2 protein chains.
Amino acid sequence: MAVLVVGSTAFDTIETPHGKRERCLGGSATYFSLAAKLFTTVKMVSVVGEDFPDEHRELFATHGVDTEGLETKPGKTFAWSGRYSADMNSRDTLDVALNTFGDFQPVLPESYQGTKFVFLANGAPGTQASVLDQIDASAFSVADTMDLWIDTARDELGAVLRRVDGLILNDEETKMLTGESNLIRAGRKVLEMGPKLVIIKKGEHGSFLFSNYFQYALPAYPTDQVVDPTGAGDSFAGGFMGFIAECDSLSLWNMKRAMAYGTICASLNVEGFGVDNLVAATRNQLERRYQELIQFVSL
Amino acid sequence: MAVLVVGSTAFDTIETPHGKRERCLGGSATYFSLAAKLFTTVKMVSVVGEDFPDEHRELFATHGVDTEGLETKPGKTFAWSGRYSADMNSRDTLDVALNTFGDFQPVLPESYQGTKFVFLANGAPGTQASVLDQIDASAFSVADTMDLWIDTARDELGAVLRRVDGLILNDEETKMLTGESNLIRAGRKVLEMGPKLVIIKKGEHGSFLFSNYFQYALPAYPTDQVVDPTGAGDSFAGGFMGFIAECDSLSLWNMKRAMAYGTICASLNVEGFGVDNLVAATRNQLERRYQELIQFVSL
C-alpha cells in the first residue's frame, strides 16, 4: 500500500560542527518521503515556489515519490537556516522565510484518493484538519505536532487529536501537551486525548509506543557519529509509516517492527548531511541495521 | 555466591514533592545491600558512628546482610540532607556532614576473604584501590564513581580503572570522564581505560552495557510514580551484582538479565521513600516486574 504525506518542502541552510550546507533540499514532507520510499510508494502533498529546481522533482520521481500533489505557486520556496550546538542537542534558528508555505492549503489530487495510510507532518492544526476532511474515514492517520501549536492552538490541536489514529511527538512536546513530567503518565494522558496510538521520540534515548493495550520501549539505533540531526523526526515517521503501509497491517508485532525501522531511518539520516544518506540508502542497508538493532536490544 | 560491597552508611534527610523524611537509613552500601539481598547474601564494609541505632543493624541482619565489616567509630554517622526539584531530575544538597565516613579506611574482616563478587561503591579512588589490595585477584570487581573524583583525582581513578573488571557510572559522568558527548563513543572510550565491562545509567532512559564483544541497551522499567530518587543508582548496582553473584556466571545472557534486575530494583526503590520499598520487596515482586519488563522491551 502507498503512504500519503502532507508537509513542507524547503531549502535548508545547515551549520553543524561537521560543516555547513547551503540551500539543500529539506522540509518535513521531503525527509518523510525519502525514508518511506525505502518501503513503499509515497504520495506527497506540499508546496514550493517557482525557484524549486527540476532536479529535486526528478530526485523524488526516481525514488518512487509521487509529486502530483506538490503544488508550485508564484513566489519562493520555504527557506530555513539553523545552527546546531557543539553536542548537537540544541539548535538556533538563524532565519525562516515561510514564503509559499505561509498559507499552505493542501489539496489532495484525485489520484491520491483512497490512500489508506496518511501522515500529517508538523503543521497548523487547522491545516491538518483540512487534510482529514479530504481522506477516507477508514484511513490510518498519524499526525506530528510541535510546541508552537501546543502553545498557540491547543483547542484546534485537541480537535485533530480526537480525529487521528496516532500521534508522533517528542518528549518535551509530550510533557508540554500533558503537563506531566513523568513520560509514562504523560503517554497515557495523550491516549485520553483521542489517538489510539502515541509514539514519543526521545532522540538518542529511543522511543516509546503507547496504546490502550500495550506499551513498548525501543532504544535508538546506536549511532556513533551524528553529522546533522535535521530531519531525524520526519525520517523516523517515514520509516515507521512506510513499513506499516508496506505490510498493510496494524498488528502489535508490525507496530514494534515499524518503530525499529523508524529509528534505523533516523540513524541513517543523522549520519549524513541533509537528505544525502536517505537518498543513497538501500533496503539491504536497512535490513543489516535491523539485525544489529535486534542484537543490541534483545534480552 | 555472596557479594561484597564497600561504601557509605548514612542518615539521609530527604525532601521531594511527595514529602519529607528526617534521618532515614541511607548511604551507598545500604541501598546496594538491600537490593542485592533479594538475590544472595551480602557482606557489607562500611563505617558508622556511635549514634547508629541497633534497629538498623537488626534490619540488615534479618535481611541477610552480614555487617561484620560495619565498623563503629567514635563520633557521629555520615549525615546528608537534600531537596529534589519538582520534576525530580535535579537535587540540591542542603547539608553534608561526613563525620566518621570522612577518613573511611575499609578493612575486610577475615570472614569476607575469598568473596568472588565485589562492588566498590562511589568513593575516593585511593580508598577503592585499598579494597582492591585486599580482595582475591580472581574476584569480579565493579566500581562506581562520581564527577568529584573525575575532576579532582583523575590519575588515581585511572589506576582503579586499570584494575577493576567493571565500571558503573551515569551518562553525565561518562561524558565528563571521556570528553565525548556521543554516549556510544564514550562507552567504548571507557573500555579503553581498562574495565572489560562498562554500564552507563541514564535514569528514566534506561542503561547501556559495553564490552569489547557486545553492546546492549535496556530501557528503564516504566515507573509511573517517582516518590524519592535517592539511592536509585546503588539499587541498580545491587540488583545487577546480586543477580550476577546468585548465578555465579558472567555469561552474556546473565549480564543482560542482571541489567534487567538492576532497573527493577531501582524502579521499586524510587517508588517509595528511602529504603522502604527495598526492605518490603519480595522475589515474587521482582519476577512479576521482570515479566512486565520483557513485554515492555521485546521486539
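That block above? That's the structure.
Residues numbered from 1 in each chain as written. Chains lettered and ligands numbered in written order. Predicted model: local features only at pLDDT ≥ 70, side-chain atom pairs only at ≥ 80, totals over all residues. Heavy atoms only, no water.

## Considerations on the overall build of chain A
Piece 1. Summing up its helical and strand segments, chain A has 11 helices and 13 strands in all.
Piece 2. Taking 2.2 N^0.38 as the reference for a compact globule, 299 residues should give roughly 19 Å; the C-alpha atoms of chain A span a radius of gyration of 18 Å, in line with that estimate.
Piece 3. Based on the C-alpha atoms only, the size of chain A along its principal axes is roughly 50 × 40 × 35 Å.
Piece 4. Residues counted as buried form 60% of the 299 residues belonging to chain A.
Piece 5. If you take every contact in chain A between residues at least 6 apart in sequence, the share linking residues at least 24 apart comes to 64%.
Piece 6. Put simply, chain A shows about 11,600 Å² of open surface, and 48% of that area lies on carbon and sulfur atoms.
Piece 7. Treating the 26 positive side-chain charges of chain A as one cloud and the 39 negative ones as another, the clouds have centres 5 Å apart. (Helix = DSSP H or I, 4+ residues; strand = E, 2+ residues; numbered from the N terminus. Rg over C-alpha atoms; globule rule 2.2 N^0.38 Å. Buried < 20%, exposed > 50% of the residue type's maximum accessible area, 1.4 Å probe, protein only. Contact = heavy atoms within 4.5 Å. Areas by Shrake-Rupley, 256 points an atom, 1.4 Å probe, with all protein chains shown as cover. Lys, Arg positive; Asp, Glu negative; His and termini not counted. Charge placed at Lys NZ, Arg CZ, Asp CG, Glu CD.)

## Some thoughts on the environment of Thr93 of chain B
Residue and element names in this part refer to chain B.
Piece 1. Take Thr93: it is sitting in strand S7 (residues 91-97).
Piece 2. On the basis of relative accessible area, Thr93 is assigned to the partly exposed category, the value being 43%.
Piece 3. As a C-alpha pair, Thr93 and Trp80 span 13 residues in sequence and 7.6 Å in three-dimensional space.
Piece 4. Setting aside anything within four residues of it in sequence, one finds Thr93 in contact with Trp80, Ser81 and Gly82.
Piece 5. At 3.3 Å, the side chain of Thr93 forms a polar contact with the side chain of Trp80. (Polar contact = N/O pair within 3.5 Å; in protein donor to acceptor, adjacent residues only side chain to side chain.)

## What about the relation of the copies chain A and chain B?
Superposition of the two copies of the chain requires a rotation about an axis and a shift along the axis.
Piece 1. Once turned by 180° and shifted 0.0 Å along the axis, chain A lies on chain B with an RMSD of 0.0 Å. The superposition of one copy onto the other is thereby described by a two-fold rotation axis. Within chain A, the C-alpha atom positioned nearest to the axis of rotation is that of His205 of chain A, 2.9 Å from it. (Least-squares fit on C-alpha atoms with pLDDT ≥ 70 in both.)

## Side note on the interface of chain A and chain B
For interface size, the figure often reported is the accessible area lost on association.
Piece 1. With 32 residues of chain A in contact, the opposing surface of chain B contributes 32 residues.
Piece 2. Roughly 2,700 Å² of surface becomes buried between chain A and chain B when both sides are summed, with 53% attributable to carbon and sulfur atoms.
Piece 3. Our enumeration of links across chain A and chain B arrives at 2 salt bridges.
Piece 4. Close ionic contact of Asp224 of chain A with Arg188 of chain B constitutes a salt bridge, the shortest N to O distance being 2.7 Å.
Piece 5. At the junction of chain A and chain B, the tally comes to 12 residue pairs in polar contact (both at pLDDT 80 or more).
Piece 6. Listing elements by their share of the side of chain A that touches chain B, those giving two or more residues are helix H7 (183-192), strand S13 (215-218), helix H9 (252-270) and helix H11 (283-297) of chain A. (Buried area = accessible area lost by both parts, 1.4 Å probe. Salt bridge = Lys/Arg side-chain N within 4 Å of Asp/Glu carboxyl O.)

## Some details on helix H2 (residues 54-62) of chain B
All names here are of chain B.
Piece 1. Taken together, the buried positions of H2 are occupied by His56, Leu59 and Phe60. Angularly, the buried residues of H2 cover 95° about the axis, an arc narrow enough to put them on a single face. Across H2 from its buried face, at more than 90 degrees, point the exposed residues Asp54, Glu55, Glu58, Ala61 and Thr62.
Piece 2. Looking one or two residues past H2, Gly64 carries a phi angle of roughly 75°, positive in sign. (Arc of directions from axis to C-beta.)

## Examining the environment of Ser8 of chain A
Residues and elements named next belong to chain A.
Piece 1. Tracing the backbone through its elements, the reader meets Ser8 in the loop between strand S1 (3-6) and strand S2 (10-16).
Piece 2. Residue class for Ser8 comes out buried when judged on its relative accessible area of 7%.
Piece 3. Sequence separation between Ser8 and Ser138 is 130 residues, and the spatial gap between their C-alpha atoms is 25 Å.
Piece 4. Leave out the neighbours within four places in its chain, and Ser8 touches Gly26, Gly27, Ser28, Ala29, Thr30, Ser46, Phe78 and Phe101.

## Concerning the side chain of Ser141 of chain A
Piece 1. Looking at the element boundaries, Ser141 of chain A is found in strand S9 (residues 140-144).
Piece 2. Exposure remark for Ser141 of chain A: the relative accessible area of 2% places this residue in the buried category.

## Examining the pattern of salt bridges
Residues and elements named next belong to chain B.
Piece 1. Summed over all chains, the structure comprises 31 salt bridges over all chains.
Piece 2. A salt bridge links Arg283 to Glu246, with the shortest nitrogen-to-oxygen separation between them at 3.1 Å. With Arg283 in helix H11 (residues 283-297) and Glu246 in helix H8 (residues 232-247), this pair connects stretches of sequence that are 37 residues apart.
Piece 3. Look at Glu246 and you get partly exposed, because its relative accessible area is 32%.
Piece 4. Across the pair Glu271 and Arg289 runs a salt bridge, and its minimum N-O distance is 2.8 Å. Here Glu271 is found in the loop between helix H9 (252-270) and helix H10 (276-280), whereas its partner Arg289 is found in helix H11, with 18 residues between them in sequence.
Piece 5. For Glu271, a relative accessible area of 23% gives the class partly exposed.

## What about the sheet that holds strand S6 (residues 79-84) of chain A?
Residue and element names in this part refer to chain A.
Piece 1. With respect to topology, 4 strands assemble into an open sheet ordered S3-S2-S6-S7, the strand pairing being mixed. At either margin of the open sheet sits one strand with a lone partner, and together these are strand S3 (19-26) and strand S7 (91-97). Going from strand to strand, the sheet's axes swing by 15° on average, the running direction of each strand aside.
Piece 2. Of the strand pairs in this sheet, S2 and S6 are connected by 5 bridges, and their pairing is parallel. In the sheet register, Glu15 faces S6, and the bridge partner there is Arg83.
Piece 3. Packing against the sheet, helix H1 (residues 28-36) makes contact with S2 and S3, and its axis sits at approximately 85° to S3. (Pairing = 2+ DSSP bridges. Axes fitted to C-alpha atoms, helices over the stretch in contact; angles between N-to-C directions.)

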